[in-house]
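Understanding the architecture of this molecule
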Amino acid sequence: MTRFALIINQQSGKSDKDQLVETIRTFLIEKNIAEKDILTFYPESANETRQMAKEACLDNVDVIIPLGGDGTIKLVCAGIYEGGGHSRLGLIPTGTVNNLAKSLGIPLNTKKALESLFSGQELAIDMAKVSNQYMISSLTLGLMADMALSVTPENKRRFGALAFIKAGWKIFLRRRSYRIQAISDQKKQYIKTKLLLVTMSNTVAGLPGFNRKDTVDDGLFTVYTLKKTHFIRFFFYFFFRIGKFSQFKHWDSFQASELRLVNVRQKDKNNPNVRIDGDVAGKLPVLIQMLPKAITVIVPKK
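Only a predicted model underlies this, so the values are computations on that prediction, with no experimental measurement involved.

1. A short note on unusual backbone geometry
Here the bond from Leu284 into Pro285 is cis, since omega is 5°, no more than 30 degrees from zero. Residue placement: Pro285 occurs in the loop between strand S17 (279–283) and strand S18 (286–299). One non-glycine residue, Asn32, adopts positive backbone phi at about 70°. Counting through the fold element by element, Asn32 comes out in the loop between helix H1 (17–30) and strand S2 (38–41). Residue Asn32 is classed as exposed on the basis of its relative accessible area of 72%. With phi around 55°, Ser131 is a residue other than glycine that occupies positive phi space. Secondary-structure assignment places Ser131 in the loop between strand S5 (121–130) and strand S6 (133–135).

Here you go:
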């Protein structure tokens, strides 16, 4: 007997969640899953999302399907991890960006993604603990985080990349750099950067093009810093030269399994904003610790 749980964020993405839930339920029933073994949860907050996933895992639900963006998926993964890891993560991409799904090769087509839940294979992937939060894809501070804070969810859904370009122009004109102390398990260094990016895979914001050796299960994250940039060239590489962003010349990078980031300047107004998997996550300091192969996901067979 296989039990499924759907955890639905009705505020995320573009799809009609009620229709999607019915589509998934119909598909599972056609696969001989009993109606009583298909549970649905509608959390009203981030804490509820995490707690419902944890309780479902403790209740030995076999597969938990989050219906939402990467922020919702992160919370469900946190619940599974804190619940002991029995449940498998099933991904049906319904967010705006779908970064984790793309990094795992999950089909964006709903029917194909559902089929892969039954024809696919299990893969244990890394997570990271970021102070008292979790991360499944990326952490940003500086330019990209400041841009994202200026984009409303409605504009992101409506205009896609254009919303970030409009916001980014205003942020870029500030020409703000941040001075950060980065203490990793490998070294201690001081960094002056316009942007700091921590990635768990080769995709960022749903786009490939960073270090192709980065994988979701290598026990390491990669830290990128950007000392200087040119606005038009930056956006050209990020949004239009898909798969080529690593060719942008001004990156410095290193890998680590643990990293503490501290703002060198003590004044609050100079303390950079931090975003984790697309969600606001406060300001520095943060401690990032890798959790190797913490979650098991059902992915398509290669």
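Next comes the rest of the description.
2. Observations concerning the pattern of salt bridges
Under the counting rule described, the total for this entry stands at seven salt bridges. Residue Lys74 pairs with Asp279 through a salt bridge whose shortest N-O separation is 3.7 Å. Residue Lys74 is located in helix H3 (residues 70–82), and its partner Asp279 is located in strand S17; the two are separated by 205 residues in the primary sequence. For Asp279, a relative accessible area of 32% corresponds to the partly exposed category. As a salt-bridge pair, Arg88 and Glu122 come within 3.4 Å of each other at their nearest N and O atoms. Residue Arg88 is located in strand S4 (residues 88–89), and its partner Glu122 is located in strand S5; the two are separated by 34 residues in the primary sequence. Owing to a relative accessible area of 22%, Arg88 belongs among the partly exposed residues under this scheme.

3. Comments concerning H1
Given 3.6 residues to a turn, an α-helix orients residues that are three or four positions apart in the same direction. The terminal C-alpha atoms of H1, which comprises 14 residues, lie 20 Å apart, in line with the 20 Å expected from a rise of 1.5 Å per residue. Three or more residues of H1 are buried, namely Lys17, Leu20, Val21, Ile24, Arg25, Phe27 and Leu28. All buried residues of H1 lie within an arc of 165° about the axis, which places them on one face of the element. Taken together, the buried residues of H1 touch strand S1 (4–8), S2, strand S3 (63–67) and helix H5 (110–119). Phi turns positive, to about 70°, at Asn32, one or two residues after H1.

4. Observations regarding the packing of aromatic side chains
In total, this model carries three aromatic pairs according to the counting rule given. Ring centres of Tyr81 and Tyr134 lie 5.9 Å apart, and the angle between their planes is 65°; on these two criteria the pair is classed as edge-to-face. Of this pair, Tyr81 sits in helix H3 while Tyr134 is found in strand S6, placing the two residues 53 residues apart along the sequence. Judged by relative accessible area, which is 34%, Tyr81 ranks as partly exposed.

5. Some thoughts on the environment of Gly282
As for its position among the elements, Gly282 is in strand S17. Sequence spacing of Gly282 and Pro272 is ten residues, and the spatial spacing of their C-alpha atoms is 8.7 Å. Setting aside anything within four residues of it in sequence, one finds Gly282 in contact with Pro272, Asn273 and Val274.

Criteria and thresholds
Residues numbered from 1 in each chain as written. Predicted model: local features only at pLDDT ≥ 70, side-chain atom pairs only at ≥ 80, totals over all residues. Heavy atoms only, no water. Helix = DSSP H or I, 4+ residues; strand = E, 2+ residues; numbered from the N terminus. Buried < 20%, exposed > 50% of the residue type's maximum accessible area, 1.4 Å probe, protein only. Salt bridge = Lys/Arg side-chain N within 4 Å of Asp/Glu carboxyl O. Expected span 1.5 Å × (residues − 1). Arc of directions from axis to C-beta. Contact = heavy atoms within 4.5 Å. Phe/Tyr/Trp six-rings, centres within 6.5 Å; stacked < 30°, edge-to-face > 60°.

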